[in-house]
Amino acid sequence: MPKRIGLLGGTFDPIHIGHLRVAEEALEALKLDSFVFIPAAAPPHKPDRRIESFEDRWRMLDLAVGDHPHFELSDIERRLPGKSYTVVTLRELHKHYPPGTELFFLVGLDAFWELDTWYRFKELFGLASIVVVRRPGYPPDDLIRFLRRAVSPLFSLDTDGDVFRHPSLYPVYCLRNTVLEISSTRIRKLVAEGRSIRYLVPHEIMRYITRKNLYRIETASKPDNERERKTHAERGA
Ligand code: ATP
Ligand code: MG
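Residues numbered from 1 in each chain as written. Chains lettered and ligands numbered in written order. Predicted model: local features only at pLDDT ≥ 70, side-chain atom pairs only at ≥ 80, totals over all residues. Heavy atoms only, no water.

Caption draft 1: Just helix 4 (residues 86-96), in detail. Those residues of helix 4 lying buried are T86, V87, T89, L90 and L93. Axial view of helix 4: buried residues confined to an arc of 160°, hence all on one face. Structurally, helix 4 contributes buried residues whose contacts are with strand 1 (4-10), strand 2 (34-39), helix 3 (76-79) and strand 4 (102-108). (Buried < 20%, exposed > 50% of the residue type's maximum accessible area, 1.4 Å probe, protein only. Helix = DSSP H or I, 4+ residues; strand = E, 2+ residues; numbered from the N terminus. Arc of directions from axis to C-beta. Contact = heavy atoms within 4.5 Å.)

In structure tokens:
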């Protein structure tokens, strides 16, 4: 049987409960065989703030994934040269997995609305099922309008309302995940203010951040979630 593999790419600076819970829910809802976290080595969308080293972000992911039987990490974006473009990563992953493997690439609604700015974004829909996940402040309205305008007018809404189908591209799913008001931006801010991050990140991550003295100095904060949200609303998207 071909395998079904979930993917979550991100900066993971640091990984938090929001990432882990959405992966767990996708695993269950989409009947995935495994779920892979892919930290970006050189994120194309976050050039203007300091990002912790790949090693520290990787180490925290490793601690967070722990001994979960279906969670894995991939350092593929570390091994690829240049910026971490998702379309390049997905092409590489297809070379790595046996033919017929189905990829499910999760993307939060905050990032989804900007998908049409990603490098060769239309190709993503021919490489993997995109799984849109909910985040606070980003209602999942009008996904179909976005898909038809930005990707292809041939997308149609399935009867159950959470799947968008296309005659030649992979389906796009809208996951009914638990919406958790947690972001790495908020974690970094809390640490910089000397406040608690307990229960927002796994315990081992909290200890790692303390031990390595990460995020103690607040860095210039774009993209701040508040700002992202405002920009989104301003665009009327
Ligand atoms: P930052 O605040 O630095 O942008 P982040 O919390 O958004 O960090 P990323 O590493 O940017 O984390 O996100 C990786 C992916 O995980 C993105 O697709 C993002 O939308 C998704 N994601 C992040 N936090 C959550 C959450 N709480 N619930 C669902 N998806 C999330
Ligand atoms: Mg983000």
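Right, picking up where we left off after that structure.
Caption draft 2: Layout of the pattern of salt bridges. What the rule picks out here adds up to 18 salt bridges. With its nearest N and O atoms 2.8 Å apart, the salt bridge here joins E55 to R78. Here the residue E55 occupies a position in helix 2 (residues 54-65), and R78 occupies one in helix 3, the gap between them amounting to 23 residues. Here R78 falls in the partly exposed class, since its relative accessible area comes to 41%. Bridged by salt links that share partners, the residues R91, R120 and E123 form one connected network. (Salt bridge = Lys/Arg side-chain N within 4 Å of Asp/Glu carboxyl O.)

Caption draft 3: Quick look at the packing of helix 2 against helix 8 (residues 203-211). Interaxial distance between helix 2 and helix 8 falls to 8 Å at its minimum, and their mutual angle equals 150°. In this view, helix 2 runs roughly antiparallel relative to helix 8, as classed from their interaxial angle. Here helix 2 runs over helix 8; the crossing is right-handed. Across from D56, R59, M60, L63 and A64 in helix 2, the residues of helix 8 making contact are E204, I205, Y208 and I209. (Axes fitted to C-alpha atoms, helices over the stretch in contact; angles between N-to-C directions. Parallel < 35°, antiparallel > 145°, perpendicular 65-115°, else oblique. Left-handed = near helix turned anticlockwise from the far one by under 90°.)

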